[in-house]
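# Notes for the structure review
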Amino acid sequence: MTLKTKSGAPVGASRRAFLSGAAGLAGLAVTAPRAFAASDRVEALLAQMTIEEKAGQLSCFADVIRPPIGDMNPLVNIRNAQTLTAEVKAGRVGALFNGVGAQAARDTQKAAIEGSRLKIPLLFAADVIHGFRTVFPIPLAEAASFDPHLAERTARATAIEATASGLHWTFAPMVDVARDQRWGRVAEGSGEDVFLGELLAAARVRGFQGKDLKADDSMLATPKHFAAYGAVTAGLEYNSVELSDATLREVHLPPFQAAFAAGALTTMSAFNDVNGIPATANKMLLTDILRGEWGFKGVVVSDYTADQELVAHGFAADDRDAARLAILAGVDMSMQSGLYNRYLPELVASGAVPMAVVDASVRRVLALKEAIGLFDNPYRSLDPRDEAERTATPAIRALGREAGARSIVLLKNDGPLLPLPKVGKRLALIGPFADDRDNVLGAWGGFFADRRLNVDLATGLRAQMADPGSLIVERGCEVETTIAGGFERAVAAAQAADIVLLAIGESQDMTGEAKSRTDIRIPPVQQRLAEAIAATGKPVVVLLRHGRAIQLEGVVRDAPAILATWFLGSEMGNAVADVLFGAVNPSGRLPVSFPIDSGQEPFFYNGRTTGRPAPTDPNGQEYKARWRSIRNDALYPFGFGLSYTRFDVTDMKLSTARLAWNETLHVTAKVRNSGGVHGDHVVQLYIRDRVASRTRPIRELKGFQRVSLAPGAEREVRFELKRQHLMFVGDNDYWISEPGVFDVWIANSSVDGLAASFELLPVG
Ligand code: NOJ
């Protein structure tokens, strides 16, 4: 007996709404999609528009009038500020992106309002991903906080700064589930898990958009890239995607649904194809699922020239054909290629594209502008006075520091070596990131950031040391190259110190868009530096800099203490010092599995079982799903992270062993802080469906709770599980429930925990 519903909606409610409703799980409310419909004003405008003006509203261009430090993308098309202003006045531009500065935006808006025939205001968009002037941890790092409320707060602060600089719309959050660490854009998302990804997607949308879309500091969010961009084959950027419908719906689509349920009104069509149909011409994704099944009423913008790239995909014959395919599939707005301006008038005239299709897209774009109040006040968010006042305020910087410290994951702490005393020890800070200020922000950080705010490690550490003179700093080498005499000086510094802090890992430009790596190790020169330092016999704390999971090996893997410190943003040095010296007890948990070896990628904790699962005994039988050389385990699994205190989780109880079809199962346990300092523990709930009509993941995260406990304190944690948490995508793309036995764990990570089981009884 199964119960079938499409798109995960348990009849009359979205799956997301259900999950949050069921959850004391993470305690987040998800709002219904905001009402969003074209008004009489929009209809009246539409009735007056020429096809050229309609195409203009559907076109979005890089803002060369007020460019930031440069463009992240290959610059194509309109490259001249004067030409662009003329195009704005001609009504051939609907939105500009990646410009910065309130005064220049105000002037450009004036050109649209006073210079164009229909006076339609422009939307100003940008890639504001994890902070603006003040930069917060990369989204992957922030995911390690397992704290959606924190993500909401940093997104809010980001919106406050960005809107003060003349922006209305961010191309964020990236909600692509990323299961292959070779892919550079792992850094921009929430990691490998669907449930965590859903909660963070919704939280970030709420944060960017605030409570009132018309408010001056509210910023439209764009969950991207629709869809399955995180599933590029072999982690190679822009590569094709081969994916079952079930995995598409179970893994890659839910974070989008969560973001839309939280109120996101736009999305971005991805560069990749999905099973041979490019996402930017994919009617099944952009129209059938997005609008048909989910009822999405908002705007789809293409990724940068993604419509034009349909030609390179070998899917469109030429640019005209590409424009036709994109708009017919459901791409409302074309980013940067200019194809809609160039071809829509003729495509409509020839009957290749019905005017009604163009009108529907224009309606959506105008309704979006109306939703944020632009028709009533075209100069909203364009007041230069706000720019200084709302930027890098003490509160925003303090939030950056808090977010940074909460994103750090303590992977190892033998001894325990950490936290360090603030007095009495000589410290050597060694490695390319020791005093480096150019690699603290992460891949997107450098775009709009005020780099003067960047706090490097040496500065952050010294600020907390009683005797800053007892910190010796030596880079030893650069990220991928040697420094003359660097090793010798670094070894001497280590010898003169009691403890070595080794700041090694990836540079900013080894992660992010177009930064796929074939292996995910620390660059060889840094590994050699680590070996030279380890040979001194001094205890080493590894401070890992990274935008993905890293393969740790040799003396780095074997160091007594390891902290995953990612790219933490402007406040990096202070945040790391807070954790190193114990002002903050680390409570981050890994949002991506650290494999033993790069060759295991794609590696993720929630893979399906096989017919020949590997034995737990490493010397066990052959002819099992295992590698010749290593166990197919994680070195550090998803969900893992240590603390300076110890937590004991005991007394797991289920309210029933036989769960009726529409009942709620309560799973409880006690958590005790058995160590000597205050700390936060992230208690995780996983399930496994033992027997199903489709093979199921070994484990799936279905809830987590952050518990804050003083030494000796104990608390009960309580999770709720309902049938809908147990659903999966069966035949014909339907979400189904199947009765049967489920395992459930209350765990500290994806590979451990207290276990129990229950049976979901058939309906009736
Ligand atoms: C390409 C990236 O894929 C996308 O995420 C970004 O928003 C656009 N460029 C615009 O910069």
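The written sequence of each chain sets the order in which its residues are numbered from 1. The predicted nature of this model means local features are confined to residues of pLDDT at least 70 and side-chain atom pairs, given and counted, to a pLDDT of 80 or more, with totals for whole chains, interfaces and linings taken over all residues. Processing note: side-chain calculations cover all non-hydrogen atoms of the structure and skip hydrogens and water entirely.

Nearness of a residue to a molecule or strand requires only that one of the residue's heavy atoms be within 4 Å of it. Taken together, the neighbourhood of the ligand is formed by 13 residues, with Asp-127, Arg-185, Lys-224, His-225 and Asp-303 sitting nearest. Between Arg-185 and the ligand, the recorded distance is 2.6 Å, taken from a side-chain N or O atom to an oxygen atom. What qualifies as a polar contact is a pair of N or O atoms within 3.5 Å, subject to a donor-acceptor requirement within protein and to the restriction that residues adjacent in sequence count only when both atoms come from side chains. Between His-225 and the ligand, the recorded distance is 2.7 Å, taken from a side-chain N or O atom to an oxygen atom. Basically, the charged four are Asp, Glu, Lys and Arg, the nonpolar ten are Ala, Val, Leu, Ile, Met, Phe, Trp, Tyr, Cys and Pro, and anything else, Gly included, counts as polar. Across the shell around the ligand, the residue classes tally to 5 nonpolar, 3 polar and 5 charged.

What follows deals with the side chain of Asn-439. We count a stretch as a helix when DSSP gives it H or I for four or more residues in a row; a strand needs E for two or more, and each element gets its number in order from the N terminus. With respect to the helices, strands and loops of the structure, Asn-439 is situated in the loop between β13 (427-430) and α18 (457-462). The cut-offs for exposure are 20% and 50% of the maximum accessible area for each residue type, with area from a 1.4 Å probe on protein chains only; residues under the lower value are buried, those over the upper are exposed, and the others partly exposed. Judged by relative accessible area, Asn-439 falls into the buried class, the value being 10%. A polar side-chain atom of Asn-439 sits 2.7 Å from the main-chain amide nitrogen of Gln-508. Here a residue-residue contact requires only that any non-hydrogen atoms of the pair lie within 4.5 Å. Filtering out sequence-adjacent residues up to four positions away, Asn-439 remains in contact with Phe-433, Ser-507, Gln-508, Arg-545 and Phe-567.

Counting 194 residues, the largest nonpolar core has Leu-429, Ile-430, Leu-501, Ile-533, Leu-543, Trp-566 and Leu-580 as the members making the most contacts within it. Looking at which element gives the most residues to this core, the answer is helix α15 (residues 355-371), with 7 residues. Beyond its immediate stretch of four places on either side in the chain, Ile-533 contacts Ile-430, Ala-490, Val-491, Ala-494, Val-500, Leu-502 and Val-540. Each nonpolar core is a collection of buried residues, namely Ala, Val, Leu, Ile, Met, Phe, Trp, Tyr and Cys, held together in the definition by side-chain atoms within 4.5 Å. Counting 23 residues, the second-largest nonpolar core is a separate cluster that includes Val-667, Val-671, Leu-709 and Ile-746.

It is worth spelling out the packing of aromatic side chains at this point. Here a Phe, Tyr or Trp ring, Trp counted by its six-membered ring, pairs with any other such ring whose centre lies within 6.5 Å, and the pair is stacked when the planes are under 30 degrees apart, edge-to-face when over 60, and tilted otherwise. On inspection of all chains with the given rule, the structure shows 20 aromatic pairs. For the pair Tyr-238 and Phe-271, a centre-to-centre distance of 5.2 Å together with 90 degrees between the ring planes defines the contact as edge-to-face. One end of the pair, Tyr-238, is in the loop between β6 (224-226) and α9 (245-252); the other, Phe-271, is in the loop between β7 (266-269) and β8 (273-274), and 33 residues separate them in sequence. On the basis of relative accessibility, which here comes to 8%, the residue Phe-271 falls in the buried class. Site record: aromatic cluster; members linked through ring pairs are Phe-146, Phe-195, Tyr-605, Phe-638, Tyr-686 and Phe-704. The rule for a charge over a ring is simple: NZ of Lys or CZ of Arg within 6 Å of the ring centre, and within 35 degrees of the ring normal. In this arrangement the basic side chain of Arg-699 is found over the ring face of Trp-745, its NZ or CZ atom lying 4.0 Å from the centre.

This part is about the confidence of the model for the protein. With 94% of its residues at a pLDDT of 70 or more, the protein has an overall mean of 93. Note on residues 1-5: pLDDT is under 50 here. Beyond four places in sequence and across chains, it has 21 contacts. The score called pLDDT rates the predictor's confidence residue by residue, from a low of 0 to a high of 100. A low-confidence stretch, residues 7-34 stays under pLDDT 50, and its non-local contacts, those more than four residues away or across chains, total 65 contacts.

It is worth spelling out the environment of Glu-188 at this point. Looking at where Glu-188 falls in the secondary structure, it is placed in the loop between β5 (169-170) and α8 (194-209). Here Glu-188 falls in the buried class, since its relative accessible area comes to 2%. When the C-alpha atoms of Glu-188 and Asp-288 are compared, they prove to be 27 Å apart, with 100 residues separating the residues in sequence. Setting aside anything within four residues of it in sequence, one finds Glu-188 in contact with Pro-139, Met-174, Lys-224, Trp-444 and Glu-513. Within polar-contact distance, the side chain of Glu-188 engages the side chain of Arg-185 at 2.7 Å. A polar side-chain atom of Glu-188 sits 2.8 Å from a polar atom in the side chain of Trp-444.

Let us look at the side chain of His-252. With respect to the helices, strands and loops of the structure, His-252 is situated in helix α9. Setting aside anything within four residues of it in sequence, one finds His-252 in contact with Val-177, Ala-228, Gly-230, Ala-231, Leu-243 and Thr-247.

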